[in-house]
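Descriptive analysis of the structure
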Amino acid sequence: MARARNSILILASGSPRRLALLEQIGIVPDHISPADIDETPERKERPSAYAMRLAREKADVAVNRARAMLNQRDAYVLAADTVVAVGRRIMPKAESFDVAQACLKSLSGRNHTVLTAVVVHGPRGRVRERLVETRVKMKRLSDREIADYLASGEWDGKAGGYAIQGRAAAFVTQIVGSYSAVVGLPLYETAQLLSGMGYVSSGDLMSEEVPA
Ligand SMILES: Cc1cn([C@H]2C[C@H](O)[C@@H](COP(=O)(O)OP(=O)(O)OP(=O)(O)O)O2)c(=O)[nH]c1=O
């Protein structure tokens, strides 16, 4: 029987979390190709449209880069974007102490939504997308809790100024949706998208090769 060849996967992300999440399900990208795009929301842009637009733009940058390399024309390209929103209000990605502080004050004692958009480009120009919405409830945070969290530095570069995979887990009273999507990549949906497009990871091939 002809053996399937493993596919080439390009992860269009510089996020160590996304790489670690993929590895958790046995997918190791062949190349990392982060896309530096303008992340300014458009006027009145809805959080879901914003997350999807940014994921598409990141994927497009990596696809164009891959096309320039002849041997990677048939590669799979995976990009994602995670946005925290309170109602229709897009919370910024915390790049400074002040922004992180403002985010935490806004999220304290309320429900918010985490939207993660995933875009996969496959061979022959095929594109598939998913938007995963997760509801997260945070307890009311005291000034002391906010100050201690800010001192930890874990907010740096995180949408909404917190990371559920770290100390902020102690603030989350409820989550409805996908935990991995909050961290940055919805694993169930990503696995479905990739396998539905015919992606075969080298890990799958290795398990096939185990002698009977
Ligand atoms: C809400 C939340 C976000 N995040 C992270 C996931 C994303 O890395 C980041 C949101 O920023 P993104 O713009 O989605 O991603 P990024 O800039 O880190 O990486 P790239 O664009 O290269 O793929 O916030 C957590 O790690 N934990 C959380 O609980």
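Residues numbered from 1 in each chain as written. Predicted model: local features only at pLDDT ≥ 70, side-chain atom pairs only at ≥ 80, totals over all residues. Heavy atoms only, no water.

If you look the protein up in an unreviewed UniProt entry, it shows as dTTP/UTP pyrophosphatase from Acuticoccus sediminis. Turning to the protein, the UniProt record has this under Function (unreviewed entry): "Nucleoside triphosphate pyrophosphatase that hydrolyzes dTTP and UTP. May have a dual role in cell division arrest and in preventing the incorporation of modified nucleotides into cellular nucleic acids." Of the protein, the UniProt comment under Subcellular location (unreviewed entry) reads exactly: "Cytoplasm". (UniProt positions renumbered as here; feature names shortened; annotations may be inferred.)

1. Some points on the UniProt feature "active site" (unreviewed entry) in the protein
UniProt feature "active site" (unreviewed entry): in the numbering of this structure it lies at Asp81. Mapped onto the secondary structure, Asp81 falls in strand S3 (residues 76–86). Those residues in contact with Asp81 that lie beyond four places of it in its chain are Arg18, Ala51, Leu54, Ala55, Lys58, Leu115, Thr116 and Ala117. For Asp81, the side chain forms a polar contact with the side chain of Lys58, separated by 2.8 Å. (Helix = DSSP H or I, 4+ residues; strand = E, 2+ residues; numbered from the N terminus. Contact = heavy atoms within 4.5 Å. Polar contact = N/O pair within 3.5 Å; in protein donor to acceptor, adjacent residues only side chain to side chain.)

2. Examining the environment of Asp30
Secondary-structure assignment places Asp30 in the loop between helix H1 (16–24) and strand S2 (31–32). For Asp30, a relative accessible area of 35% puts it in the partly exposed group. Sequence-wise, Asp30 and Arg88 are 58 residues apart; in three dimensions their C-alpha atoms are separated by 37 Å. Apart from residues lying up to four places away in sequence, Asp30 is in contact with Ser7, Ile8 and Leu9. A distance of 2.7 Å separates a polar side-chain atom of Asp30 from the backbone nitrogen of Leu9. (Buried < 20%, exposed > 50% of the residue type's maximum accessible area, 1.4 Å probe, protein only.)

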